[in-house]
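Remarks on the overall topology
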Amino acid sequence: NEDRKLEKTVKNMLQCLRNVICGEDVPLLAMSETEQEQFYKMSFAQDIAHLISAAVRNDENNSISEKYRKKFQQQENLAIYRYTCQELALEEIRTVFEQQEILFLPLKGAVIRGSYPEAWMRTSSDIDILIREEDYEKAKEFLTEKCGFLYESKDKKNANFYRDEHVHLELHLNLIKDDQTVEFSPEYVWAHVERSGYECRMSDADFYAFHLEHMKQHFTTGGCGIRFFLDLWILNHSVKDKQEKKREEKLERCGLAEFEYAVRSLTEVWFGEAEHTELTRQVERFILAGGSVYGSVENWALVQGVQNQGRLKSVIRRIWLPYKELCWSYPALEGKRYIQPYYEAKRFLKMIADGRWHRSVLELKANAKGKELSDVESMMKRLGLR
């Protein structure tokens, strides 16, 4: 019975997205008060409640009570407000970086929202911008002095700034952290961007591959939510002047072809007319089990169990991070392996202070439950992630 309720919730949620994003006009299935509560909570956890709001408002069957219509409308209003705050901040950053001759490359939501029916529909928790490492100190100075940002933290991948609860900035120095390849290195990126003044943009193929790489990184650390798949659908159906052949070549070079085929296939099931396959059902179960935009501890535990080949290795890796990975969080450690114990202890204490150790304990407990790793291992292999 619970499975049937979840199936109805997911079906209604996906139909709402199809109505809003794909221009369909299909009525929702009737829901009880309990089902409506589950529908709202799941939409909120996936950060798509603002999109559901637009569909609910136009639902002729009145499947949603006034109580939940108001809740969805609040999320829509908040999404528009967040978008407005972020766009104003991005415009300030754009002006300052142009004036100070700092090359910058907007990433992720700041770019892809332009292909959505309306820009506010693509929410973002951060403004993501890539700059060159040699420009970092200059950028930091003008962000804090001219744009009112407060510096928060920095590692080898990015520096974090914030201005208020709705405007967070991730100033990237690298696109990805783990297993960095030539195709995603700063050297490659800056050699292949297209410039307009000091603002840059990736080619269609490079941006598409980066989205898949970013998606893969989340997928292997607990799962990625429905919004990642919606972005992928948008990139395949709403982007003008797609370069299919170049995309294919780029994905092959990056080792992302298998992963892209599987996740794109699921978008065609969710938002198109394709039928499920065994693989798309596996991926769907994994994604929905994550329950939120960035997945779950349980999913993370399953992936860790597969990648680390057993619980003992997972425990050791959680307590003692490999040297190269630790250097990403603490650049001062680079070339000084003899002080690794100091930074391991520092990281461990920070995990406790931030509450992340609690997540790690939950992960280990989840591993200890003896969940079926075979299905996840099979899926990971077919996705080219194992």
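Below or above, wherever it landed, is the structure these notes cover. Source: prediction; values computed, not measured.

Another aspect to go through is the overall build of the chain. Secondary structure summary: the chain contains 18 helices and seven strands in total. In the chain, which comprises 386 residues, the proportion classed as buried is 51%. Look at the contacts in the chain between residues 6 or more apart in sequence, and 68% of them connect residues 24 or more apart. Split by element, the accessible area of the chain, about 19000 Å² in all, is 49% carbon and sulfur.

To continue, consider the pattern of salt bridges. Taken as a whole, this structure holds 24 salt bridges when the rule is applied. One salt bridge connects Arg227 with Asp47, and the closest N-O pair in it is separated by 2.6 Å. Taken together, the positions of Arg227 in helix α9 (residues 226–237) and Asp47 in the loop between α2 (33–45) and α3 (49–57) put the pair 180 residues apart, joining distant regions of the chain. The closest approach of N and O atoms between Arg247 and Asp204, which form a salt bridge, is 2.9 Å. Taken together, the residues Arg247 in helix α10 (residues 244–254) and Asp204 in helix α8 (residues 204–219) connect sequence positions 43 residues apart. Under the relative-accessibility criterion, Arg247 is labelled buried at 3%.

Here α8 crosses α10 at 45 degrees, and the two axes come no closer than 8 Å. By the angle between their directions, the pair α8 and α10 is classed as oblique. Seen from above, α8 lies across α10 with right-handed handedness. On α10, the residues touching Asp204, Ala205, Asp206, Tyr208, Ala209 and Leu212 of α8 are Lys246, Arg247, Lys250 and Leu251. The class makeup of the residues in the contact of α8 with α10 is five nonpolar, no polar and five charged.

Here the focus is the packing of aromatic side chains. Tallying each qualifying case throughout the model produces 11 aromatic pairs. Here a set of aromatic residues connected by ring pairs shows up, and it is made of Phe39, Tyr40, Phe44, Tyr68 and Phe72. Across from the ring centre of Phe149, 5.2 Å away, lies the NZ or CZ of Arg163, which sits over that ring. The ring of Phe184 is capped by Lys250, whose NZ or CZ atom sits 5.5 Å from the centre of that ring.

Position of Thr220 among the secondary structure elements: in the loop between α8 and α9. The class for Thr220 is buried, based on a relative accessible area of 12%. There is a polar contact of 3.1 Å between the side chain of Thr220 and the backbone oxygen of Gln217.

Moving on: the nonpolar core. The biggest cluster of nonpolar side chains holds 74 residues, and the ones touching the most others in it are Phe219 and Phe229. Considering each element in turn, this core owes the most residues, eight residues, to α9. Core analysis: the second largest hydrophobic core is formed by 23 residues, Cys85, Val96, Ile131 and Phe161 among them.

Let us look at α9. Here α9 is 12 residues long and its end C-alpha atoms lie 16 Å apart, about the 16 Å a rise of 1.5 Å per residue gives. By the criterion of burial, α9 is predominantly enclosed, with 11 of the 12 residues buried. Restricting attention to buried positions, one finds in α9 the residues Ile226, Arg227, Phe228, Phe229, Leu230, Asp231, Leu232, Trp233, Ile234, Leu235 and Asn236.

Two elements, strand β3 (residues 150–154) and strand β4 (residues 158–164), share four bridges in a ladder whose sense is antiparallel. Note on β4: the bridge partner recorded for Tyr151 is Phe161. Remark: three residues form the turn of the hairpin made by β3 and β4, two consecutive strands paired antiparallel.

On to the side chain of Glu260, then. Topologically, Glu260 is positioned in helix α11 (residues 257–271). Taking relative accessible area as the criterion, Glu260 reaches 7% and is therefore assigned buried. Only 2.5 Å separates the side chain of Glu260 from the side chain of Tyr208, close enough to count as a polar contact. Of the polar contacts made by the side chain of Glu260, one reaches the side chain of Arg264; its length is 2.6 Å.

Moving on, we come to a negative patch on the surface. There is a patch of like negative charges on the surface, built from Glu248, Glu249, Glu252 and Glu258. Position of Glu252 among the secondary structure elements: in helix α10.

What follows deals with unusual backbone geometry. With the exception of glycine, most residues fall at negative phi, and the peptide bonds are largely trans. Its identity is not glycine, yet Asp47 carries a phi of approximately 55 degrees, on the positive side. A positive phi angle is found at Glu101, which is not glycine, with a value near 60 degrees. In this structure, Glu101 sits in the loop between α4 (66–99) and β1 (104–106).

How each quantity is defined
Per chain, residues are indexed from 1 in the order of the written sequence. In view of the model being predicted, local features appear only for residues whose pLDDT reaches at least 70, and side-chain atom pairs are presented and counted only at 80 or more, with totals across whole chains, interfaces and linings using the full set of residues. Hydrogens and waters are ignored; side-chain quantities use all the structure's heavy atoms. To qualify as a helix, a DSSP run of H or I must reach at least 4 residues; to qualify as a strand, a run of E must reach at least 2; elements of each kind are numbered from the N terminus. Relative accessible area decides the class of each residue, using a 1.4 Å probe on protein chains only: under 20% of the type maximum gives buried, over 50% gives exposed, and in between gives partly exposed. Whether two residues are in contact is decided by their heavy atoms, any of which lying within 4.5 Å being enough. Accessible areas in this description were obtained via Shrake-Rupley with a 1.4 Å probe; residue shielding takes into account the shown protein chains only. For this document, the term salt bridge refers to a Lys or Arg side-chain nitrogen within 4 Å of an Asp or Glu carboxyl oxygen. Axis definition: a line fitted to C-alpha atoms, over the contacting stretch in the case of helices. Angles run 0 to 180 degrees between N-to-C directions. Should an angle lie under 35 degrees it is considered roughly parallel, over 145 roughly antiparallel, and from 65 to 115 roughly perpendicular; all remaining angles are considered oblique. Note on convention: near helix rotated counterclockwise from far helix by under a right angle means a left-handed crossing. Clockwise means right-handed. Polarity classes work like this: nonpolar for Ala, Val, Leu, Ile, Met, Phe, Trp, Tyr, Cys and Pro, charged for Asp, Glu, Lys and Arg, and polar for all others, with Gly in that last group. Aromatic pairs are defined between Phe, Tyr and Trp rings, using the six-membered ring for Trp, whenever the two ring centres lie within 6.5 Å; interplanar angles under 30 degrees are classed as stacked, those over 60 as edge-to-face, and all others as tilted. Any Lys NZ or Arg CZ that is within 6 Å of a ring centre and within 35 degrees of that ring's normal is treated as a charge sitting over the ring. A 3.5 Å cut-off defines polar contacts: any pair of N or O atoms within that distance qualifies, except that in protein one atom must be a possible hydrogen donor and the other a possible acceptor, and neighbouring residues in sequence count only when both atoms are side-chain atoms. Here, nonpolar core refers to any group of buried Ala, Val, Leu, Ile, Met, Phe, Trp, Tyr and Cys residues whose side-chain atoms link them within 4.5 Å. Helices are assigned an expected span. That span is 1.5 Å times one less than the residue count. DSSP-based pairing: two strands are paired if at least 2 bridges between them are found. To count toward a patch, a residue needs a relative accessible area above 30% and no salt bridge. Like charges then connect within 9 Å, nonpolar side chains (Val, Leu, Ile, Met, Phe, Trp, Tyr) within 5 Å. Positive charges come from Lys and Arg, negative ones from Asp and Glu, while His and the chain ends are left out of the count. Taken as the charge centre is NZ of Lys, CZ of Arg, CG of Asp or CD of Glu, depending on the residue.

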